[in-house]
Structure formats: C-alpha cells, structure tokens
Amino acid sequence: MMRTYSFLTVLLWSCMFHAIHMRPSQKRTTKHLRSERVTGLSENDGETLHRTKRGWMWNQFFLLEEYTGPDTQYVGKLHTDQDKGDGNLKYILTGDGAGSLFIIDENTGDIHAAKKLDREEKSLYVLRAKAIDRKTGRQVEPESEFIIKIHDINDNEPKFTKDMYTASIPEMSGVGTSVIQVTATDADDANYGNSAKVVYSILQGQPYFSVDPETGLIKTALPDMSRENREQYQVVIQAKDMGGQMGGLSGTTTVNITLTDVNDNPPRFPQSTYQFSSPESAPPGTPLGRIKANDPDVGENAEIEYSISNGDGSDMFDIVTDKDTQEGIITVKKHLDFENKMLYTLRVEATNTHPDPRFLQLGPFKDTAFVKISVEDIDEPPVFSRPWYLIEVDEDAKEGSIIGQVVAQDPDITKNAIKYSVDRHTDLDRIFNIYSGNGSLFISKPLDREETPWHNITVIASEINNPKQSSQIPVFIRILDINDHAPEFAKYYETFVCENAKAGQLIQTVSAVDKDEPPRGHRFFFELVPEFAVHPNFSVVDNKDNTAGIMTRRNGYSRSKMSTYLLPVIIFDNDYPIQSSTGTLTIRVCACDSRGNMQSCNAEALLLPAGLSTGALVAILLCIVILLVLVVLFTALKRQRKKEPLIISKDDVRDNIVTYNDEGGGEEDTQAFDIGTLRNPEAREESKMRRDVIPETIFQIRRTAPLWENIDVQDFIHRSGLLSLTWE
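So, a few notes on the structure that sits alongside this text. All values derive from a computational prediction rather than experimental measurement.

Basis of the calculations
Residues numbered from 1 in each chain as written. Predicted model: local features only at pLDDT ≥ 70, side-chain atom pairs only at ≥ 80, totals over all residues. Heavy atoms only, no water. Disulfide = S-S within 2.5 Å. Helix = DSSP H or I, 4+ residues; strand = E, 2+ residues; numbered from the N terminus. Buried < 20%, exposed > 50% of the residue type's maximum accessible area, 1.4 Å probe, protein only. Salt bridge = Lys/Arg side-chain N within 4 Å of Asp/Glu carboxyl O. Core = buried A, V, L, I, M, F, W, Y, C linked by side-chain atoms within 4.5 Å. Contact = heavy atoms within 4.5 Å. Pairing = 2+ DSSP bridges. Axes fitted to C-alpha atoms, helices over the stretch in contact; angles between N-to-C directions.

Some details on the state of the cysteines
Working step 1: Counting across every chain of the model gives two disulfides.
Working step 2: One disulfide bridge connects C498 with C592, the sulfur atoms lying 2.0 Å from each other. Taking the sign of the S-S torsion, -80° for the link of C498 and C592, the bridge is left-handed. Placement of the pair is C498 in strand β36 (residues 495–498) and C592 in strand β42 (residues 580–592), with a sequence separation of 94 residues. Each member of the pair, C498 together with C592, is buried.
Working step 3: In this model C590 forms its disulfide with C601; the gap between the sulfur atoms is 1.5 Å. Taking the sign of the S-S torsion, about 120° here, the bridge from C590 to C601 comes out right-handed. Here the residue C590 occupies a position in strand β42, and C601 occupies one in the loop between β43 (598–600) and α3 (604–607), the gap between them amounting to eleven residues.

This is how it looks when you write it as structure tokens:
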C-alpha cells in the first residue's frame, strides 16, 4: 500500500513537470535551431559555401517511465516554420524505436509513445526527423537529430551483491572491530531525486553487531565475545532507498558470522591422580596407559605437550603425546625390577604448545597431575653376571681341562637353583662341554688353532624347577697358538742355472711360510743339510729377512754330464719349541745367452753337445724306418696265415686242434662234438665246426705219420690233450 501511494505521488509530480516543459518556446527554438545562410570562400577551390537557414521548432523531449494510463503518452511535437498549415508537408521519424515505440503524426508532427518504457532498460532514445514536400518529394528541411530522455521514478528496490554473506572474526575481539562490508545497489537514477540513495540498517543481530548506515560496514558491538559460549551468529541487514524515508523501497541480506578460536583457555586435567600398573618384565617402550587434559579451544590452540616434571620414576618412565587425540601415553623407559622397587610416583605436566601472549595474564596455560605406577612381580629367567664371556685356551690343552666358568642366578626372591648346558647347534662337533651344576666349561676333543682359531658357543642357564625360564649367553673361545708346525717353502720354485754361470752368482731367492702365528712374528733361518754343508756346486746364503739366496760355487755347468741338481735346504723357525723342515730345490742346467737369459733346457738340446754328426742322426732315423717296415710285414703275414682253412688234409684230422675255451655240456650237449667223427675221421663232414660258439684260437699241429689206425678214442683224446698243453 505504501509503495503504491509513493508511486502515485511521483507520477503526479512528473506529469506537472512534463506539462510545463512540453510547451514549445519560440525564442529558444529560434535562437538555438534556426541559422542564417552564410556565404564564404573555401580554402580548396574557392567555391561559395551556403549555410541553410533551418526552421525546425522543438526542445529536448522528456518522458516518464512506466506510464500506465489508458491512452498513449504524448511525447511532443515536431514543427517547422516552412509548414503553412495547408497539409503540404509530411513529417517522417526515424531512429531508436521509431514506428514501434514512438509514433508520429505525419501531418501535424505530434509524437506519442506507443508502449510503456523502462528507464532502467534504456534511459534515452536518439531519433532523426525530416519534413518533405508531398508534391515534389523534396526535403524542405535537412534531417535533424533529437533526443527523448526517460525520466526516472522509484520503481526499483535496492539489491545486495550477494544473497548471503559469510564472515569470521576472532573471539574476544574489541568493540568496533570490522567484520565485513555489505553493498546494495539501486537501479534507479542516482542523479534524479533520492530514488537511488540507499541507507543500511540492522534488523537482526543486535546487540552483538552494528552496521554503518552509509557504507554498510558491519562491526562488533559487544566486547569479549567467547567462541566457547557461542560460535555462530546470523545477522540480517536492510538496505532502503529514498534515503531511508517513509515510502522508500528496501531489500535485505543475511550475514553468517563465525567466531574463530584463540588460545584463551589453559588445559585442565579432569582428575588429580591416575593409577597404573606394569609387570616387571615389560620391555622399554611398552605403553602402560593414557591420560588427557581437556582444552575447550580447537585446532593448534588445543595442542598439548605432556612431560614428567618430577617424581621418583622420572628416569624409569616416559610420556609421549598422541597428536591425533591430544593424550599423554605413559611408557616404560628402563627395565623394571620388582625386587628393587615396587611403586613409582610421577608428576605429569600438560602445557599448551601455542600460547597467546594477549591472554597470559589470565594465568599459566598448563596443569599438573600425579601418576602412580605399581610394579608387578613375575617369574624371571636367570641372569648372567656378564653380557658375554671371552675365554682364551692354548691349542695343546688336554682333553678334560677346565677352560673357564659362566655364572648366572635367579633374580627372583625365591632364588631357584640353576642348571647349565651348551647349545649344541653352536657346537656341532661337541668340542666343549659344561658342568651343569657350576657352569665350568671343559674340553672334550683336541683343539687345532690352524683349523679353527675361534669358537663361538652359546651357554643356556635354566631354572631347575621351571626349565621354561631360561637365558642364553654367548661365549667366545679364542685358541692360542702353539708352535706345532714347521716352516716350509712359500711356493714351488723352478730354479735353473746357466751353463756359463760364474761362481758366486745368485740364481734363486727363496722364502718360507709357517701356519703358526707367534706373538713376535715369524723369523726363519736357512741352511744346507749337514750332508751337503760343503756343497761343491751350490751354497745357501741366509739374508736375515726370512729369505735366502741360492748361489753358485763354481764356474760353468754341463748338461751332458748333469742336467739336474737336487739341493736339500733346512728351514728353522725361532719359536719354542723350534720346528724345522727340509725342502728340496730342483735346479736344472740350461743353455743361456751372454746376458744370462735362458734359451733351452729340454732333452733334445742335450744331444747336440754330445758330438753326433748329421750323418749319424740320419743313420739312426733310417734304422727306425726299417724296423717299422719289418713290423708291418710281420703283421701282414700273420693276417694271411689266419685266412688259411682250419683242416688242410682230410686224412689227418689230428693235425687240427680247435680251442673253444668253454666247458662241455655233458651228455645232453649234442651240438658240441660228434662221437662218430671221432671214431671214423673219414666219415666227417668237410670243414665242419661247432655251431654254438665261435673259436678263439686255432693251433695248427702237423705230423708226417698218421695216428688213426688201431688207436681208440680214449687214447686219441689223451694224446690230443698232451699236444695242446705242450703248445700252450
């Protein structure tokens, strides 16, 4: 209702203004629109310039927006002094909205608005008018441009740039602290009346906030607003035009304001004392429980650091902070011992990690509580007196010798008896053993340092009443060296001497090694064996640095007389007891050049100095060839004899003895011999042999006199067997 009343008042006022200003002013029109013809000279071509004298008569036109009358709204009238009123002129209108929004009476020049106009859509229209002679069609006036301005009315309420604003401000802020600025705009003409003059006011949110009526800046109105009491506020702001006067249009927006947290609250433990317990076997790092101090702040303002500030268990326990839950976790720091101490008391402190200096006057931002921890007794395994044992023993120690002792005891109050044993996984050869009652270690097998210088075994101590309670300890056994190995040559030496060598010449340097490791290091001595103490050919010179040199004792050596020399050398060490060995050097005699470089040491070279000529060598080779030819001929003749038939004469069967090297088959063997053939040799098949085996050797025995007549079978077999034995 108020909005309609305001609109009618403005409309009435605008119509009165329009009636006053729509009257044509002849003087103004004549003064401003009419011009006289002027004649002048052009700079370019000297032609005469003509200024036309205009006869248009109108002012700038004005029109109210949002006209709602029953008739079309009259805009104005176009008129020229060339119009005599006889209807001979025709007015034509072109430009913005001509023919659609604006209609002209072509006879009178009256202009009407055909539709309702909105200044916010378009505030002015530019049109062009001309008058033409109906008879000739000629323009009586040049085309002229004019403007129709749309007058504003208050038909738009203020609108905020956002439907909803969001802002935040730290809690405990002072009065007048800026929160956010809201802005509303009015589409009406700001240059025409108060239609676009906006005033801000707060409808909801008091007494906490206020708003500047001109700028829309929202500020705090109360001091020390606490987020812990209230975090969210909803403020409604109104923007009203017409300077906030009665009848003005208005719009509203909502501002959601959040109080952000500051660290204005210290942590507080909900209770002053906490109770926990721990078994004495708990390893370091075992968590025992959690405590938590409450802080109503949020985020980093609620972050808490826990620490143990005092107490008799500060060195036995520790506390760490769980960053996710802001809890303090009590953990074991060192091994506990029920027999030593059964109860601990800790003083735990909770402190804010990010205190705000503005609120330190409120008090210390920390709190304390007491934590009592009781230790529970459990059955513990035996404990050795040392973390490990080192035992040294000579490698010549006798079997059964005690080499050391390990000691363990039960830490519990009961002090149970202990039994010792060796972990056989660490002593597979069973070289060591232990007395189960007192932990004494002794040797079961001989030791050899050169084979195994160290032995690492594990000894187990168990409670007799509860064998499951056991402990292990490493025992390192070092085998000490005894001089039980003789030194020997470090390697095999290939030594040679030149035939043209001179006396006192060094031909080889030898060194030695020893498997033993004396504490003062090795020291070796070299000398010839007593039988070769004065050797006519070579000598040994000890260099006193664990090496020795082999020297020649005469000038010149002959391979033809002696191609190889054997030189036995004795090597001694200096440890106790002294060990020695004899090594033999093989020295070959070789041909060398003038600078002592070896050229040849093989057997072929030995023949040349023997004085054999080339002819002798050729004769030897020829003999070898003849011998080879004879062997080939003999082999060929032997093969030819094997191809001759087994029985040469049909009349003399006894001259052919066949050896099959197998036993007879007895009476059932009908394939071996034909008894009829033995009794009647003439009736035998020619060249008939055994069908079941192949003969290995054929011996041919030839006799001149036949022995078949008057000889029975038994005598024949006996004779044949004797002949066969004779040949074998």
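There's more to say after this.
What to know about the pattern of salt bridges
Working step 1: A full pass over the atoms with the stated rule returns 18 salt bridges.
Working step 2: Of the charged contacts in the structure, one is a salt bridge between K90 and E106, with a shortest N-O distance of 3.8 Å. Placement of the pair is K90 in strand β5 (residues 89–95) and E106 in the loop between β6 (102–104) and β7 (110–113), with a sequence separation of 16 residues.
Working step 3: Between E499 and R559 there is a salt bridge, with the nearest N and O atoms lying 3.3 Å from each other. Here the residue E499 occupies a position in the loop between β36 and β37 (506–513), and R559 occupies one in the loop between β40 (547–552) and β41 (564–573), the gap between them amounting to 60 residues.
Working step 4: Given the relative accessible area of 25%, E499 is considered partly exposed.
Working step 5: Residue classification places R559 among the buried residues on the basis of a relative accessible area of 7%.
Working step 6: Through salt bridges that share partners, R227, E228, E231 and D261 make up one connected network.

Details of the nonpolar core
Generally speaking, nonpolar side chains in soluble globular proteins are found buried as a group.
Working step 1: If you look at the biggest cluster of nonpolar residues, it comprises 25 residues, and the most contacted ones within it are F269, I291, Y306, F317, V348, V371 and I373.
Working step 2: Aside from chain neighbours lying at most four places away, what touches V371 is Y274, F276, I291, Y344, T345, L346 and V348.

Description of the sheet that holds strand β39 (residues 538–542)
Working step 1: Sheet architecture is open: four strands sit in the order β35-β37-β40-β39, paired in antiparallel fashion. Two strands in the sheet have a free side with no partner beyond their single neighbour: β35 (488–489) and β39.
Working step 2: For β35 and β37, the ladder comprises two bridges, and the chain directions are antiparallel. Counterpart to F489 in the pairing with β37 is A512.

Side note on the sheet that holds strand β20 (residues 287–291)
Working step 1: Sheet architecture is open: three strands sit in the order β20-β23-β22, paired in antiparallel fashion. Of all strands in the sheet, those with a lone pairing partner are β20 and β22 (317–322), marking the two edges. The mean inter-strand angle of the sheet, taken between neighbouring strand axes irrespective of direction, is 25°.
Working step 2: Where β20 lies against strand β23 (residues 327–332), four bridges are found, and the strand directions are antiparallel.

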